[in-house]
Amino acid sequence: MAIRVRGLSHVYRSAGKSVAVLQGLDLDIEPGDYVALSAPSGAGKTTLLSLLGGLEPVRSGSVIVGDVELKGLTGDALAAYRRQTVGFVFQHFGLLGTLSSQENVELACALSRETRTERRSRSQALLDAVGLRERASHKPIELSGGERQRVAIARALANRPRLILADEPTGNLDEDASRRVIELLEEIRTVRHCTLIVVTHNRSLAARAPKNYGLADGILVAR
Ligand SMILES: Nc1ncnc2c1ncn2[C@@H]1O[C@H](COP(=O)(O)OP(=O)(O)OP(=O)(O)O)[C@@H](O)[C@H]1O
Ligand SMILES: [Mg+2]
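Residues numbered from 1 in each chain as written. Chains lettered and ligands numbered in written order. Predicted model: local features only at pLDDT ≥ 70, side-chain atom pairs only at ≥ 80, totals over all residues. Heavy atoms only, no water.

### Concerning the sheet that holds strand 8 (residues 195-199)
As a reminder of what qualifies: A pair of strands is labelled paired if DSSP reports no fewer than 2 bridges between them. Elements are defined by DSSP. Helices are runs of H or I of four residues or more, strands are runs of E of two residues or more, and each kind is numbered from the N terminus. Geometry is summarised by axes, namely lines fitted to C-alpha atoms with helices restricted to the contacting stretch, and by angles between N-to-C directions that run from 0 to 180 degrees.
The sheet built from six strands is open, its strands ordered 6-7-8-3-9-10 with mixed pairing. Among the strands making up the open sheet, the edge pair consists of strand 6 (86-90) and strand 10 (219-222). If you compare each strand with its neighbour and ignore which way they point, the axes differ by 25° on average. Here strand 3 (residues 34-37) runs beside strand 8; their pairing, made up of four bridges, is parallel.

Next comes the structure, spelled out in structure tokens:
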């Protein structure tokens, strides 16, 4: 998934105040690239991922992902882009506590018009792929942090994304679990030919990515 960003700016407006976060950012990513992004809190990392992933509409500048120009897309069109292209992995897992691992993954499969049987077998295969076949019936509270994140990764893969955006996916994990989560994302990138963008504060994890960027004054800086 090639990504071409030109002059991307983003301003949040709330309670009569405006916060300019991104200020004319440029970025080029080739299909299958693996990019790590590190910057201080508040620099705009989550904002950038939200714009690339269609969680937030692009109002100023140009963002082309594959052959889709995101500028001007809103509502259903943005949702369709997300569904067809993007897998998100967050720091806080975002799993539904009352559902089992398998149900959490199945729910994401449900978004892509499959029969119940197809969903079931695909969610099993996805849990298998992240090494959690034995934990399919466990609820999040019955899983370790690393296992929860692996369920969240299986869920992110449900729509067969070509772009995986991971926002501090190891933020709540110890060193060992963090490494395994990153290794899993790297393996997925290789096997499924995904483009992978990981936000991380962890220097040794960031160093695994061939391309490293920081964010300062609303634009990217090479590291
Ligand atoms: N919905 C919003 N409304 C107003 N301001 C926002 C909103 N979301 C983020 N901001 C502001 O935009 C700036 C960038 O936020 P963002 O979440 O992108 O930072 P970040 O680099 O991901 O930080 P962290 O490392 O703490 O997650 C911050 O100053 C934040 O307060
Ligand atoms: Mg953030």
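Additional details are given in the paragraphs that follow.
### Quick look at unusual backbone geometry
The following threshold applies: Exposed residues in this analysis have more than 50% of their type's maximum accessible area, buried residues have under 20%, and partly exposed residues fall in between, with area computed by a 1.4 Å probe over protein chains only.
Although it is not a glycine, Ala15 sits at a positive phi angle of roughly 50°. With respect to the helices and strands, Ala15 occurs in the loop between strand 1 (3-14) and strand 2 (17-29). By relative accessible area, which is 81% here, Ala15 ends up exposed. One non-glycine residue, His193, lies in positive phi territory at about 55°. Within the secondary structure layout, His193 lies in the loop between helix 6 (175-192) and strand 8.

### Focus: the packing of aromatic side chains
Put simply, the test is: Stacked, tilted and edge-to-face are the three classes applied to pairs of Phe, Tyr and Trp rings, where Trp contributes its six-membered ring and a pair requires centres within 6.5 Å; stacked means planes under 30 degrees apart, edge-to-face means over 60, and tilted covers the rest.
In this structure the tally under the stated criterion is one aromatic pair. Relative to Phe90, the ring of Phe88 has its centre 5.6 Å away and its plane inclined at 5°; by these criteria the two rings are stacked. Note on Phe88: relative accessible area 16%, which makes it buried. Looking at Phe90, the relative accessible area reads 33%, which means it is partly exposed.

### Thoughts on helix 4 (residues 116-129)
Put simply, the rule reads: Multiplying one less than the number of residues by 1.5 Å gives the expected span of a helix. Think of the arc as the fan of directions from the helix axis to the C-beta atoms. Note on contacts: a residue pair is in contact if any heavy atoms of the two residues lie within 4.5 Å.
In a regular helix each residue adds 1.5 Å, so 14 residues correspond to 20 Å; helix 4 covers 20 Å between its end C-alpha atoms and thus fits that length. Taken together, the buried positions of helix 4 are occupied by Arg119, Arg122, Ser123, Leu126 and Leu127. Summarising the axial view, the buried residues of helix 4 lie within an arc of 140°, below the 170-degree limit, and thus occupy one face. Looking at the buried positions of helix 4, the neighbouring elements they touch are helix 3 (101-109), helix 5 (145-156) and helix 6. A positive phi of about 75° marks Gly131, the residue just after helix 4.

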